[in-house]
Amino acid sequence: QVQLVESGGGSVQSGGSLTLSCAVSGHTYNGQHMAWFRQAPGKQREGVAVISTGRGSTFYADSVKGRFTISQDNAKTTVWLQMNSLKPDDTAMYYCAATIIDGAPLVGRYKYWGQGTQVTVSS
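## Some thoughts on the environment of G10
Point 1. When you line up the elements, G10 lands in strand β2 (residues 10-13).
Point 2. Owing to a relative accessible area of 23%, G10 belongs among the partly exposed residues under this scheme.
Point 3. When the C-alpha positions of G10 and Q118 are compared, they lie 6.2 Å apart, and in sequence the two are 108 residues distant.
Point 4. Discounting residues that sit within four places of it in the chain, G10 has contacts with L18, Q118, V119 and T120.

## Considering the nonpolar core
Point 1. In this structure, L4, W36, L81, M83 and Y94 are the most contacted members of the largest nonpolar core, which totals 29 residues.
Point 2. Those elements that provide at least two residues to this core are β1 (2-7), β3 (18-26), β4 (33-39), β5 (46-52), β7 (68-72), β8 (78-83), β9 (92-99) and β11 (117-122).
Point 3. In terms of nonpolar packing, the next biggest core, distinct from the first, is built from five residues, A35, F37, V50 and Y110 among them.

## Digging into the pairing of β3
The side chains of a regular strand alternate, residue by residue, between the two faces of the sheet.
Point 1. Relative to β3, β1 runs antiparallel, the two being bridged by six bridges. By the bridge assignment for β3, V5 is matched with A23.
Point 2. Relative to β8, β3 is paired through six bridges, and the arrangement is antiparallel. Along β8, the bridge assignment pairs A23 with T78.

## A short note on the side chain of D90
Point 1. Residue placement: D90 occurs in the loop between β8 and β9.
Point 2. From its side chain, D90 meets the backbone nitrogen of K87 in a polar contact 2.8 Å long.
Point 3. Setting aside residues no more than four positions away along its own chain, D90 makes contact with R38, R67, F68, S85, V119 and V121.

Rules of the game
- Residues numbered from 1 in each chain as written.
- Predicted model: local features only at pLDDT ≥ 70, side-chain atom pairs only at ≥ 80, totals over all residues.
- Heavy atoms only, no water.
- Helix = DSSP H or I, 4+ residues; strand = E, 2+ residues; numbered from the N terminus.
- Buried < 20%, exposed > 50% of the residue type's maximum accessible area, 1.4 Å probe, protein only.
- Contact = heavy atoms within 4.5 Å.
- Core = buried A, V, L, I, M, F, W, Y, C linked by side-chain atoms within 4.5 Å.
- Pairing = 2+ DSSP bridges.
- Polar contact = N/O pair within 3.5 Å; in protein donor to acceptor, adjacent residues only side chain to side chain.

Below, the structure is given as structure tokens:
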């Protein structure tokens with residue numbers, strides 16, 4: 001069993017920055033991959049970024065590429081999402097998730113989820 005707890009959300013103006021953190025605890029497994037998802041009101045949950053914990057390779061949605069960066073510590077107990085040049089369209093609840101399936105961040109591939117942290121970007 002893996003527990004994920006997000007933090008770091010808040011309200012910022014367009015162009016600002018925020019860093020989200022995901023604390024990973026409980027049982028973890030070899031080859032685990034971590035991702036950030038987001039869900040805006042009235043919209044489907046979408047994958048934002050994924051990091052392969054073994055290789056450190058990353059994947060980003062086109063909408064955030066060049067602005068967001070996903071990273072993790074050496075012990076793989078914390079995952080961050082650095083968000084720069086924030087836009088109002090980035091407003092959403094952001095979720096941390098874990099899977100053993102490598103690839104694009106698809107909701108159906110992820111078993112463990114955090115409770116979410118709200119990010120609001122004003123114009």
